[in-house]
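# Remarks on the overall topology
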Amino acid sequence: QVQLVESGGGLVQAGGSLRLSCAASKSLFSFARMGWYRQAPGKQRELVAAMTSGTNTNYDDSVKGRFTISRDNAKNTVYLQMNSLKPEDTAVYYCNARSFGYFSNDYWGQGTQVTVSS
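Counting restarts for each chain, with residues numbered from 1 along the sequence as it is written. Thresholds applied to this predicted model are a pLDDT of at least 70 for local features of residues and 80 or more for the giving and counting of side-chain atom pairs; totals over whole chains, interfaces and linings are not thresholded and use all residues. Side-chain numbers here rest on the full set of heavy atoms in the structure, without hydrogens or water.

## Some points on the sheet that holds strand β1 (residues 4-7)
Our working definition: Here, any two strands with at least 2 DSSP bridges between them count as paired. Secondary structure elements follow DSSP: runs of H or I of four or more residues count as helices, runs of E of two or more count as strands, with numbering from the N terminus. In this analysis, axes come from line fits to C-alpha atoms, helices being fitted only over the stretch in contact, and the angle between any two N-to-C directions falls in the range 0 to 180 degrees.
Across the sheet, four strands lie side by side as β1-β3-β8-β7; this open sheet has antiparallel pairing. The two strands at the open ends of the sheet, each matched to only one other strand, are β1 and β7 (67-72). Taking each pair of neighbouring strands and ignoring which way they run, the sheet shows an average axis angle of 15 degrees. Direction of pairing for β1 relative to strand β3 (residues 18-24): antiparallel, over a ladder of four bridges. Residue pairing across strands places E6 opposite C22, the latter belonging to β3.

## Some words on the pattern of salt bridges
Applicable threshold: Note on definitions: salt bridges are taken to be side-chain nitrogens of Lys or Arg within 4 Å of carboxyl oxygens of Asp or Glu. For each residue, the accessible area found with a 1.4 Å probe, counting protein chains only, is set against the maximum for its type, and the residue is called buried under 20%, exposed over 50%, and partly exposed in between.
Considering all chains together, one arrives at five salt bridges under this definition. One salt bridge in this structure joins R66 and D89, with 2.8 Å as the shortest N-O distance. Here R66 is found in the loop between β6 (57-59) and β7, whereas its partner D89 is found in the loop between β8 (77-82) and β9 (91-99), with 23 residues between them in sequence. No difference in accessibility class separates R66 from D89, as the two residues are buried. Connected through salt bridges with shared partners, the residues R38, E46, R66 and D89 form a single ionic network.

## Quick look at unusual backbone geometry
Of note, the phi angle at N76 is positive, near 55 degrees, even though the residue is not glycine. The residue N76 is located in the loop between β7 and β8 in this model. One non-glycine residue, S84, lies in positive phi territory at about 50 degrees. Along the chain, S84 falls in the loop between β8 and β9. Taking relative accessible area as the criterion, S84 reaches 41% and is therefore assigned partly exposed.

## As for the state of the cysteines
Such a bond, covalent and formed between the sulfur atoms of two cysteines, is termed a disulfide. Rules: Counting rule for disulfides: a pair of cysteine sulfur atoms within 2.5 Å.
Evaluation of the coordinates by the stated rule reveals one disulfide. Across the disulfide from C22 sits C95; the S-S distance is 2.0 Å. Of note, the bridge from C22 to C95 carries an S-S torsion of about -75 degrees and is left-handed in sense. Here the residue C22 occupies a position in strand β3, and C95 occupies one in strand β9, the gap between them amounting to 73 residues.

As C-alpha cells, this is what we get:
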C-alpha cells in the first residue's frame, strides 16, 4: 500500500511563499508521475503541477512562473515551492502518485490546507 504524507500548508499573506512536501512510502522511481492537485471550495480538483519519472514537468497556466515542482529521490519526497501567492491559490492541496502501466493507479495524500489572505 502506498502512503503519501503532505506537510507545509498554512496561512500566508498575498505575495508570500510556502513550500509543500509530500513524503512517499516507497521510491519515487516506482511511479510514472508525481503531481500536486488542489481543490477550492465548490470547485473541482485541478492539476497544479506534475513531474514524470524522467523529470519532465508541466504546470497549470495559472501557476506558471510562480510554482516549482521538484523531487529528492533519496528522501522519497516531492516538493511544491509556491511563490507570489495570491488569494485565488487558496485551496486544499493534494499530493498524487500515478503508477506505471496502461491501467495505472492513482494514490492520494490526505491534503494540506493553503490559505492566502489579501
